[in-house]
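Summary of the model geometry
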Amino acid sequence: MEPGSAPRTLCVLGSTGSIGTSTLDLVARNPERFQVDVLTANANVELLASQARQFNARMAVVADPDRYDELKTALSGTNIAVAAGPDALNEAADRDTDYVMAAIVGAAGLEPTLTAARRGACVALANKECLVSAGTVFLEAVDKADATLLPVDSEHNAIFQVLETHNRDAIDKIILTASGGPFRTWEKARMEAATPAEAVAHPNWSMGAKISVDSATMMNKGLEVIEAYYLFGVETDQLDVLVHPQSVIHSMVAYTDGSVLAQLGSPDMRTPIAHTMAWPARMPAPAARLDLAEIAQLTFEAPDLERFPALRLALAALQTGGAAPTLLNAANEVGVAAFLGGEIGFLDIAAIVEDTMSRGVAQGLSGAPASLDDVLQLDVAGRAIAAELVTARRS
């Protein structure tokens, strides 16, 4: 963004979550660069209304239709338009803004993010499910509308920064780094008794509960591998995972001449978010500056697929293709929610995902989704199977 140009207008889908609040923190630090047009939240009306007032948003949308009156009351006396429900989310994404932060967690974010892509928006993608559950469908929409897709995940943003598009044919491997999560050194028997509080206590990153549990199971890294496959157009055997506990190197691209390019930084999501908000320029962000002398040592290890089977399942789903990634994601969302709700144990999450995928194949759920409706039907079917498995483990 050139100095003196008009402020960039923003739509933040999921403004009350971790990514959404970090996005608005950057807006507050750079008020001359951005104008908030619309903010959305799932159900946190109090924070949504506060954000809408603070940033003088033109519109606020709550996904839960039962919260409409509450939001309307909270924003009374302002000129901020109020709406509620799934259709309102899509309308928010369809507004004529320069930039859309797609930060709704889970499959719930798929339809509004797809709506933004279909109008040719610049979409900053923080929602993994768009590519994991609907990779081909989503990318076809991006291509057809000539939308701009900018990855927000620290790993994919790192790859985006160091991947030389003019040398794409010279890529040897894309290496996604993983912290290993809070249970990196735990034995499997200890993980069996892990509590939700322990699982969300990530050693490096401040994230929401769902993604924190995904990091603990290493499903998060598996989902990111699937994302990278769609984002960067490489073969499955060109994608690799390396555990890097310090979370300083966020990912790497290895080239056929032996060069390996990496993006480094402190573990702060405001760095990749700022990169997408200002792209193709750069802007100041408040992340702690990297001091390699103080860190002194960076270490690496191969992932343990026996202790962390979720990563193995995700890699297998990518190889299998078809309906497998959609079923994987649906089952994982159900399993994580059940674990956070105290219904199942930590190791049950991956077991439910594996059983869901097996039962899905047995029920004939194997074909690749060709439309949004196909994706949503597969998602519903996967969730139903996983919910049955959760019930069986409770009884």
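Residues numbered from 1 in each chain as written. Predicted model: local features only at pLDDT ≥ 70, side-chain atom pairs only at ≥ 80, totals over all residues. Heavy atoms only, no water.

A short note on the sheet that holds strand β10 (residues 249–255)
Quick reminder of the rule: Here, a strand pair is defined by DSSP locating no fewer than two bridges between the strands. In this text, helices come from DSSP runs of H or I with a minimum length of four residues, and strands from runs of E with a minimum of two, each type numbered from the N-terminal end. Lines are fitted to the C-alpha atoms to define the axes, a helix being fitted only along its stretch in contact, and any angle between axes, read from their N-to-C directions, falls within 0 to 180 degrees. The contact definition used throughout considers only heavy atoms, calling two residues in contact when any of these lie within 4.5 Å.
Sheet architecture is open: four strands sit in the order β9-β8-β10-β11, paired in mixed fashion. Of all strands in the sheet, those with a lone pairing partner are β9 (239–243) and β11 (260–264), marking the two edges. Adjacent strand axes in the sheet meet at a mean angle of 20° when their direction is disregarded. Summarising the sheet, strand β8 (residues 171–178) and β10 pair through five bridges and their orientation is antiparallel. Paired with Ile174 across the two strands is Val253, which belongs to β10. The sheet strands contacting helix α8 (residues 154–162) are β8, β10 and β11, and the helix crosses β10 at an angle near 40°.

Looking at the packing of helix α12 (residues 219–232) against helix α15 (residues 309–320)
Any two packed helices are characterised by the angle at which their axes cross and by the distance between the axes. Basically, it comes down to this: Angle categories are assigned with fixed cut-offs, so that under 35 degrees is roughly parallel, over 145 is roughly antiparallel, 65 to 115 is roughly perpendicular, and the rest are oblique. The crossing is said to be left-handed when, going from far helix to near helix, the turn is anticlockwise and less than a right angle, and right-handed when the turn is clockwise. Gly falls in the polar group here, along with every residue not listed as nonpolar (Ala, Val, Leu, Ile, Met, Phe, Trp, Tyr, Cys, Pro) or charged (Asp, Glu, Lys, Arg).
Across the interface, α12 lies against α15 with an axial gap of 7 Å and an inter-helix angle of 20°. Our classification of the angle between α12 and α15 gives roughly parallel. You can see that α12 and α15 cross each other, and the crossing is right-handed. Two secondary-structure elements touch here, α12 through Met219, Lys221, Gly222, Leu223, Val225, Ile226 and Tyr229 and α15 through Ala310, Leu311, Ala314, Leu315 and Leu318. When the residues that make up the contact of α12 with α15 are grouped by side-chain class, the tally is ten nonpolar, one polar and one charged.

Things to note about the nonpolar core
Stated precisely, the cut-off is as follows: The definition of a nonpolar core used throughout is a set of buried Ala, Val, Leu, Ile, Met, Phe, Trp, Tyr and Cys residues joined through side-chain atoms within 4.5 Å. Only protein chains enter the accessibility calculation, which uses a 1.4 Å probe; a residue is then buried when its area is under 20% of its type maximum, exposed when over 50%, and partly exposed in between.
Core analysis: the biggest nonpolar cluster contains 90 residues, and Phe138, Ile174, Phe183, Leu328 and Phe346 have the highest contact counts within it. At eight residues, the largest contribution of residues to this core is made by helix α16 (residues 324–340). Setting aside anything within four residues of it in sequence, one finds Ile174 in contact with Ile159, Leu163, Phe232, Val234, Gln238, Leu239, Asp240, Met252 and Val253. With 38 residues, the next largest nonpolar core counts Ile19, Ala52, Leu71 and Ala285 among its residues.

Here's the deal with the pattern of salt bridges
Definition in use: Salt bridges are defined by distance alone: a side-chain nitrogen of Lys or Arg within 4 Å of a carboxyl oxygen of Asp or Glu.
Taken as a whole and judged by the stated rule, the model has 21 salt bridges. For Arg383, the salt bridge identified is with Glu333, shortest N-O distance 2.7 Å. With Arg383 in helix α18 (residues 372–394) and Glu333 in helix α16, this residue pair connects regions lying 50 residues apart in the sequence. A relative accessible area of 13% places Glu333 in the buried class.

Topic: the sheet that holds strand β2 (residues 34–41)
Overall, parallel pairing links the seven strands, which are arranged β4-β3-β2-β1-β5-β6-β7 in an open sheet. Here the strands that pair on one side only, and so sit at the sheet edges, are β4 (81–84) and β7 (148–151). The sheet shows a mean angle of 20° between the axes of neighbouring strands, direction not considered. Bridge count for strand β1 (residues 8–13) against strand β5 (residues 99–102) is four bridges, and the pairing is parallel. Each residue of the ladder has a partner; that of Val12, found in β5, is Met101.

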